[in-house]
Amino acid sequence: MFLDFFKKSKKNSAQKAKERLQIILAHERVSNKAPFLDDLRKDLIKVVAKYVDIDPKEIDVSLQKDNSIEVLEINIPIK
Amino acid sequence: MSGKVLTITSGKGGVGKSTTTANLALGLALAGKKAVAIDLDIGLRNLDMILGLENRIVYDVVNVVEKVCKVKQALIKDKRVDNLFLIAAAQTRDKSAVKSEQVLELANELRKEFDYIILDSPAGIEGGFRNAMLPADEVIIVTTPEISAVRDADRVIGILEAHEKKDMSLIINRINPTLVKKGDMMSKNDVLQVLSIPLIGVVPEDGNIVSYTNIGEPSILHQDSPSGKAYKNITQRVLGKDVPFMEIIERKKGIMETIISFFKEQ
Ligand SMILES: Nc1ncnc2c1ncn2[C@@H]1O[C@H](COP(=O)(O)OP(=O)(O)OP(=O)(O)O)[C@@H](O)[C@H]1O
Ligand SMILES: [Mg+2]
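Residues numbered from 1 in each chain as written. Chains lettered and ligands numbered in written order. Predicted model: local features only at pLDDT ≥ 70, side-chain atom pairs only at ≥ 80, totals over all residues. Heavy atoms only, no water.

Draft legend 1. Here's a closer look at the interface of chain B and chain A. In this assembly, 13 residues from chain B lie in contact with 15 residues from chain A. Looking only at chain B, the three residues that lose the most surface to chain A are Ile147, Arg151 and Val194 of chain B, adding up to 36% of its buried area. Linking chain B to chain A there are three salt bridges. Among the salt bridges present, the one from Arg29 of chain A reaches Asp154 of chain B, with a minimum N-O distance of 2.6 Å. Remark: the boundary between chain B and chain A carries seven residue pairs in polar contact (both at pLDDT 80 or more). (Contact = heavy atoms within 4.5 Å. Buried area = accessible area lost by both parts, 1.4 Å probe. Salt bridge = Lys/Arg side-chain N within 4 Å of Asp/Glu carboxyl O. Polar contact = N/O pair within 3.5 Å; in protein donor to acceptor, adjacent residues only side chain to side chain.)

Here's what the structure looks like:
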């Protein structure tokens, strides 16, 4: 029934809130720690696009921890 | 003597920082500690009214840091509880009227006289928040079980970590057991799974708080109230005692209410 459906989707709103927070905060925690990553990403797109054909959405710039060494990981798939 | 500086902050506004500050300061004083609460929400003075001390203000925190008066002259003594003092925010100045070094210096001076210095931070992550968090030995972050309050709390936790403020704990305020039961509000455990700092208190949504604030008597002076009990427990934990967390459950309905809701549900 329509009413049941409504009830059910309401029931999960707290769960939804928790999941949405976990996803967005995982993202924000990283970019707050290294606020330069976004700018770096934009600059990289500009430079690399001069030489090869790339899809800006596919560029992945991230900071990784590898046995206590911080590694800047850049992934640029070429079209 | 070297007192402890506790900062109460949140990120998001209106989640209960000043209410927490008032109750915790009173609770510590009731437990025999010498406590001073400082309202650092410059331009938006509030703590004075929550504590019922608004008619006694002569000098405020800006007067103190500008050395218009001595610290002693700005300490407003509570009329009900020995050992409790307030330093009010300035009402006619703006946020830029105090600087971090000045707040730090004031806090350090008060450490010599008081067991606890409790700083009520303004909302946000700008200057006023920084003034409040830099002198802290311990930071208490207040949130409600709402998505924006929790997100802002996480941001604040990140900034505190970056400033090497490691002693952080969390108060989850305004928990509504009926909504939690229905699945429409995040539970204590949901919030704790998102924000990974230790819990120091859970406070139920309490309709009495409006009237307690109206008369300038914080919950902790009404020990029979649900929020009063919660703040008493928080005070004990701040003092290092191991107190179990209260179950926040739905109030049992009286017979009349049960009958009424029975008919309503038909
Ligand atoms: N547990 C509670 N139950 C019911 N009402 C509450 C509770 N805690 C706080 N309130 C109410 O919420 C409002 C905001 O509280 P308070 O002023 O303490 O928040 P704040 O974080 O200091 O706000 P600001 O960011 O403006 O300084 C007040 O009206 C207060 O009475
Ligand atoms: Mg406030």
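Following the structure, the description resumes.
Draft legend 2. Molecular detail of the packing of helix α2 (residues 13-33) of chain A against helix α7 (residues 147-162) of chain B. Contact geometry of α2 of chain A with α7 of chain B gives a least axis separation of 10 Å together with a crossing angle of 25 degrees. Regarding the angle of α2 of chain A to α7 of chain B, the classification is roughly parallel. Here α2 of chain A and α7 of chain B pass one another in a crossing that is right-handed. Along its contact with α2 of chain A, which presents Ala17, Arg20, Leu21, Ile24, Leu25, Glu28, Arg29 and Asn32 of chain A, the element α7 of chain B presents Ile147, Val150, Arg151, Asp154 and Arg155 of chain B. Here the contact of α2 of chain A with α7 of chain B is composed, by residue class, of six nonpolar, one polar and six charged. (Axes fitted to C-alpha atoms, helices over the stretch in contact; angles between N-to-C directions. Helix = DSSP H or I, 4+ residues; strand = E, 2+ residues; numbered from the N terminus. Parallel < 35°, antiparallel > 145°, perpendicular 65-115°, else oblique. Left-handed = near helix turned anticlockwise from the far one by under 90°. Nonpolar A, V, L, I, M, F, W, Y, C, P; charged D, E, K, R; others polar.)

Draft legend 3. Summary view of the packing of aromatic side chains. Residues and elements named next belong to chain B. Tallied over the entire structure, the rule returns one aromatic pair over all chains. Between Phe85 and Phe114, the ring centres sit 5.6 Å apart and the planes meet at 80 degrees, which makes this aromatic pair edge-to-face. Of this pair, Phe85 sits in strand β4 (residues 84-87) while Phe114 sits in the loop between α5 (100-111) and β5 (116-120); the two residues are 29 residues apart in sequence, bridging distant segments of the chain. You'll find Phe85 and Phe114 in the same group, each marked buried. In this structure, Lys34 packs its charged tip against the face of Phe114, placed 4.8 Å from the ring centre. For Arg237, the ring lying beneath its charged end belongs to Phe245, and the centroid distance is 4.0 Å. (Phe/Tyr/Trp six-rings, centres within 6.5 Å; stacked < 30°, edge-to-face > 60°. Buried < 20%, exposed > 50% of the residue type's maximum accessible area, 1.4 Å probe, protein only. Lys NZ or Arg CZ within 6 Å of the ring centre and 35° of its normal.)

Draft legend 4. Structural detail: the pattern of salt bridges. Residues and elements named next belong to chain B. Tallied over the entire structure, the rule returns 15 salt bridges over all chains. Where Glu138 meets Lys4, a salt bridge forms, and the shortest distance between an N and an O atom there is 2.9 Å. Taken together, the positions of Glu138 in strand β6 (residues 138-143) and Lys4 in strand β1 (residues 4-9) put the pair 134 residues apart, joining distant regions of the chain. The class for Lys4 is partly exposed, based on a relative accessible area of 31%. Of the charged contacts, one joins Lys166 and Glu164 as a salt bridge, the two residues approaching to 2.8 Å between their closest N and O atoms. Side by side, Lys166 and Glu164 carry an identical accessibility label, which is exposed.

Draft legend 5. Main features of the sheet that holds β6 of chain B. All names here are of chain B. Spatially, β3-β4-β2-β5-β1-β6-β7-β8 is the arrangement adopted by the eight strands of the open sheet, whose pairing is mixed. The open sheet is flanked by β3 (76-77) and β8 (199-204), the only strands paired with a single partner. Inspection of the sheet shows β1 paired to β5 by five bridges, in the parallel sense. By the bridge assignment, Leu6 is partnered in β5 with Ile118. (Pairing = 2+ DSSP bridges.)

Draft legend 6. Spatial organisation of a nonpolar patch on the surface. Residues and elements named next belong to chain A. Taken together, the side chains of Val47, Tyr51, Val52 and Ile78 define a hydrophobic patch exposed on the protein surface, amounting to about 420 Å² of accessible area. Position of Val52 relative to the elements: it lies in the loop between α3 (36-49) and β1 (60-66). Of the residues examined, Val52 reaches a relative accessible area of 30% and is grouped as partly exposed. (Patch = residues over 30% accessible without salt bridge, like charges linked within 9 Å, V, L, I, M, F, W, Y side chains within 5 Å. Areas by Shrake-Rupley, 256 points an atom, 1.4 Å probe, with all protein chains shown as cover.)

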